[in-house]
Amino acid sequence: MLISIIMPCFNAEKTIEKSIKSVLSQDYSNWELIIVDDSSTDNTENVISQYLDDNRIVFRKLDKNSGSPAQPRNLALELSKGELVAFLDSDDIWCSHKLSTQVRYVESNPNVDIFCSAYNLVSESGVYLSSYTPPKLANYKSLLINNSIGCLTALVRSTRIKSFNFPNCGHEDYALWLKLMRSGGDVLGIQERLANYTVMSESVSSDKKKLFHFYWNIYRNEEGFGFLRSMYLCLRYFINVVWFKYK
């Protein structure tokens, strides 16, 4: 099966080379890497250009910065040709057997469309900080109180995702997972750690106050829940992330 790997980037000259190399090092070789640059102003494009002699790598650059990963990811989805779609941001890294391991689960679970795995959280210098292991199975109801799908580990059948877009709402990956899961089915969580998520000091994901606001917007506006239910789910999220999620 061909796997389309979606990689948005913006001013990622310091990190994107390691991310690209982690794709090139995969022991599963039938992939295409679609990199969409959100109009970087640094040396990102020159770093990427060193790898464009590999015809599996596709590069596009937006004329104007969109301000979030949503538009670059959506363009990459439009360009994708694979039967499976994976996601890797330009500061994260995959283990060399990430794709091959997940493909085995895909082949043995024909009724499941969405897969994810455990992953490490590391500092910008690569120091291990903590890890997260998703539940073996998750559904729409459980995702509402715990976003157990690490975007860098997600693998989705294209038949499930191709008719959807990432909404431009902040924490757009979580908003998309909820949209995908509304119609039912499970997410299969592989218990092995297959990736390293880099905790950047100035990233959105490191700012819990911003995330609380983003989650509120997802529950209230994207999912259309009432005030009390949205507040309850935001509080459950805060408890999960701050106290229980990572260990």
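Structure shown above.
Now for a look at the structure at hand. (Residues numbered from 1 in each chain as written. Predicted model: local features only at pLDDT ≥ 70, side-chain atom pairs only at ≥ 80, totals over all residues. Heavy atoms only, no water.)

### Quick word on the environment of S125
Stage number 1. The residue S125 is located in the loop between β6 (114–122) and β7 (128–132) in this model.
Stage number 2. Classification of S125 by relative accessible area gives exposed; the value is 62%.
Stage number 3. Residues S125 and K136 lie 11 residues apart in sequence; the distance between their C-alpha atoms is 30 Å.
Stage number 4. Here the side chain of S125 touches S123 through a polar contact of 3.0 Å, side chain to side chain. (Helix = DSSP H or I, 4+ residues; strand = E, 2+ residues; numbered from the N terminus. Buried < 20%, exposed > 50% of the residue type's maximum accessible area, 1.4 Å probe, protein only. Polar contact = N/O pair within 3.5 Å; in protein donor to acceptor, adjacent residues only side chain to side chain.)

### Quick look at the nonpolar core
Stage number 1. One finds F87, I149, I161, W177, V187 and Y219 to be the most contacted residues of the largest nonpolar core, which totals 39 residues.
Stage number 2. Elements with a contribution of two residues or more to this core: β2 (31–37), α3 (70–79), β4 (84–87), β6, α5 (140–145), α7 (172–181), α8 (208–222) and α9 (227–244).
Stage number 3. The element that contributes the greatest number of residues to this core is α7, accounting for seven residues.
Stage number 4. Other than its neighbours up to four places away in sequence, I161 contacts L77, V85, F87, V156, L176 and L180.
Stage number 5. With 36 residues, the next largest nonpolar core counts C9, A12, V47 and F115 among its residues. (Core = buried A, V, L, I, M, F, W, Y, C linked by side-chain atoms within 4.5 Å. Contact = heavy atoms within 4.5 Å.)

### Considerations on the pairing of β4
Stage number 1. The alternating pattern of β4 places L84 and A86 on one face and V85 and F87 on the opposite face, and all of these are buried.
Stage number 2. Summarising the sheet, β4 and strand β9 (residues 155–157) pair through three bridges and their orientation is antiparallel. Within β9, the residue paired with L84 across the bridge is R157. (Pairing = 2+ DSSP bridges.)

### Some points on α3
Stage number 1. Buried residues of α3: A70, P72, R73, N74, A76 and L77, and no others.
Stage number 2. Tucked inside the fold, the buried residues of α3 contact β1 (3–9), β2, β4, α6 (158–161) and α7.

### Focus on the packing of aromatic side chains
Stage number 1. Taken as a whole and judged by the stated rule, the model has nine aromatic pairs.
Stage number 2. Relative to Y132, the ring of Y119 has its centre 5.8 Å away and its plane inclined at 55°; by these criteria the two rings are tilted. In this pair, Y119 sits in strand β6 while Y132 sits in strand β7, placing the two residues 13 residues apart along the sequence. One exposure class covers both Y119 and Y132, and it is buried.
Stage number 3. Ring centres of F166 and W177 lie 6.5 Å apart, and the angle between their planes is 70°; this geometry places the pair in the edge-to-face category. (Phe/Tyr/Trp six-rings, centres within 6.5 Å; stacked < 30°, edge-to-face > 60°.)

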